[in-house]
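Chain by chain, the residues run as shown.
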Amino acid sequence: MAIVYLNGEFLPADKAQVSVFDRGYLLGDGVYEVIPVYAGNAFLLDRHLQRLQNSLDGVRMTNPFSNETWTNIINKLIAHNNGGDQSLYLQVTRGVAPRDHLFPADTAPSVYMMSNPLQPVAESWKIEGIKAITTADIRWMRCDIKAITLLANSMMKQLAHDAGAQEALLVRDGFLTEGSASNAYAVIDGVIFTAPKDEKVLPGITRDLVIELAAKADMPLHERAISVSALRGADEIWISSSTKEVVPVTLLDGEIVGTGKPGAIWQQMDTLFQQYKQEVA
Ligand code: PDD
């Protein structure tokens, strides 16, 4: 049984209980992070903690812990679950209060963390690429906040699944924003494009790393909006996230992307990414 952390205690997952009055449960009022753990080390932890702070600020919640305390708890949870490669999930909700849309005064936030073995993406994803669909981005206008309220994301991911695809690429006003659970990229004439950081996309930690790795390797990359028509004509399409790293998309809405195989620029980025992981570990 996996060990989880709940409000100050480490305990078996089946013993962890939260109140039905928790605002996370009733209102989806909380924020979260998903942090990959490689060889027992939380990857890019400082960046995840900074984004958590930004999400908490965005929803006017006080950070319950200092970064030092977060780091201690996270490292203990990783050790309790036997180190190795894990996917660590943490969430902070506004806590337990009578149901009301207004924020309660002086309610202690609820803090929950779990960590499970990291499931690497299927080998075939890197050899063949994945299928994606495009769909209207039906989310709110604060997608930069990593809110636990994921109903829209779930609905869009389910649409992809129903179409036999692995990810939905989201379109708002004719432009690609990101994936239902990933950031997205298009490679056009040797240049990598990804949507700029604003309230329409999550500032992905993996996205930031991709941008830095591209800059170091002199690979041209622009943070610029990609129109759907440009997306459809792209030579390569990728997605990225903490749990999936960087994955090529080779079929979009049933149409072949580029050559129909993972592209050379994706291959170069994946190599840089794997090297970086090794160096950090
Ligand atoms: N999601 N955009 C969305 C909407 C996401 O849900 C995610 C990741 C990303 C990528 O961000 P990062 O590189 O920091 O993981 C972008 C996580 C993995 C999840 O919800 O499970």
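Residues numbered from 1 in each chain as written. Predicted model: local features only at pLDDT ≥ 70, side-chain atom pairs only at ≥ 80, totals over all residues. Heavy atoms only, no water.

This next bit is on the sheet that holds strand S5 (residues 86-93). The strands that make up a sheet are held in pairs by hydrogen bonds between backbone atoms, and each pair lies either parallel or antiparallel. Pairing within the open sheet is antiparallel, and its 6 strands lie in the order S2-S1-S6-S5-S3-S4. Both edges of this open sheet fall to strand S2 (9-12) and strand S4 (41-42), since each of them pairs with a single strand only. By the bridge criterion, 2 bridges tie strand S1 (residues 3-6) to strand S6 (residues 110-117) in an arrangement that is antiparallel. Among the inter-strand pairings, Leu-6 is bridged to a residue of S6, identified as Tyr-112. (Pairing = 2+ DSSP bridges. Helix = DSSP H or I, 4+ residues; strand = E, 2+ residues; numbered from the N terminus.)

Let us now look at the domain arrangement of the chain. Considered domain by domain, the chain is made up of domain 1 (3-117) and domain 2 (123-280). One C-alpha centre belongs to domain 1, the other to domain 2; they are set 26 Å apart. If you look at the interface, domain 1 gives 22 residues, while domain 2 gives 21 residues. Buried surface at the junction of domain 1 and domain 2, summed over both partners, amounts to about 1800 Å²; 65% is from carbon and sulfur atoms. For the domain 1 face of the interface with domain 2, the top three residues by lost area are Tyr-32, Arg-47 and Arg-51, together amounting to 37%. The residue Arg-47 makes a salt bridge to Glu-212 at a minimum N-O spacing of 2.9 Å. Remark: the boundary between domain 1 and domain 2 carries 7 residue pairs in polar contact (both at pLDDT 80 or more). Those elements that place two or more of their residues in the side of domain 1 that touches domain 2 are strand S3 (30-38), helix H2 (45-58) and S5. Among the elements that make up the side of domain 1 that touches domain 2, the one with the highest residue count is S3 (7 residues). Residue composition of the side of domain 1 that touches domain 2, grouped by class: 9 nonpolar, 9 polar and 4 charged. (Domains from an automatic or database assignment. Contact = heavy atoms within 4.5 Å. Buried area = accessible area lost by both parts, 1.4 Å probe. Salt bridge = Lys/Arg side-chain N within 4 Å of Asp/Glu carboxyl O. Polar contact = N/O pair within 3.5 Å; in protein donor to acceptor, adjacent residues only side chain to side chain. Nonpolar A, V, L, I, M, F, W, Y, C, P; charged D, E, K, R; others polar.)

Moving on, we come to helix H3 (residues 67-80). Compared with an ideal rise of 1.5 Å per residue, which puts 14 residues at 20 Å, H3 spans 20 Å between its outermost C-alpha atoms and is within 8% of the ideal. Residues of H3 that are buried: Trp-70, Ile-73, Ile-74, Leu-77 and Ile-78. Buried residues of H3, viewed axially, fall in a sector of 135°; they line one side. Pointing more than 90 degrees away from the buried face of H3 are the exposed residues Glu-68 and Ala-79. Remark: Asn-82 follows H3 within two positions and exhibits a positive phi of approximately 70°. (Expected span 1.5 Å × (residues − 1). Buried < 20%, exposed > 50% of the residue type's maximum accessible area, 1.4 Å probe, protein only. Arc of directions from axis to C-beta.)

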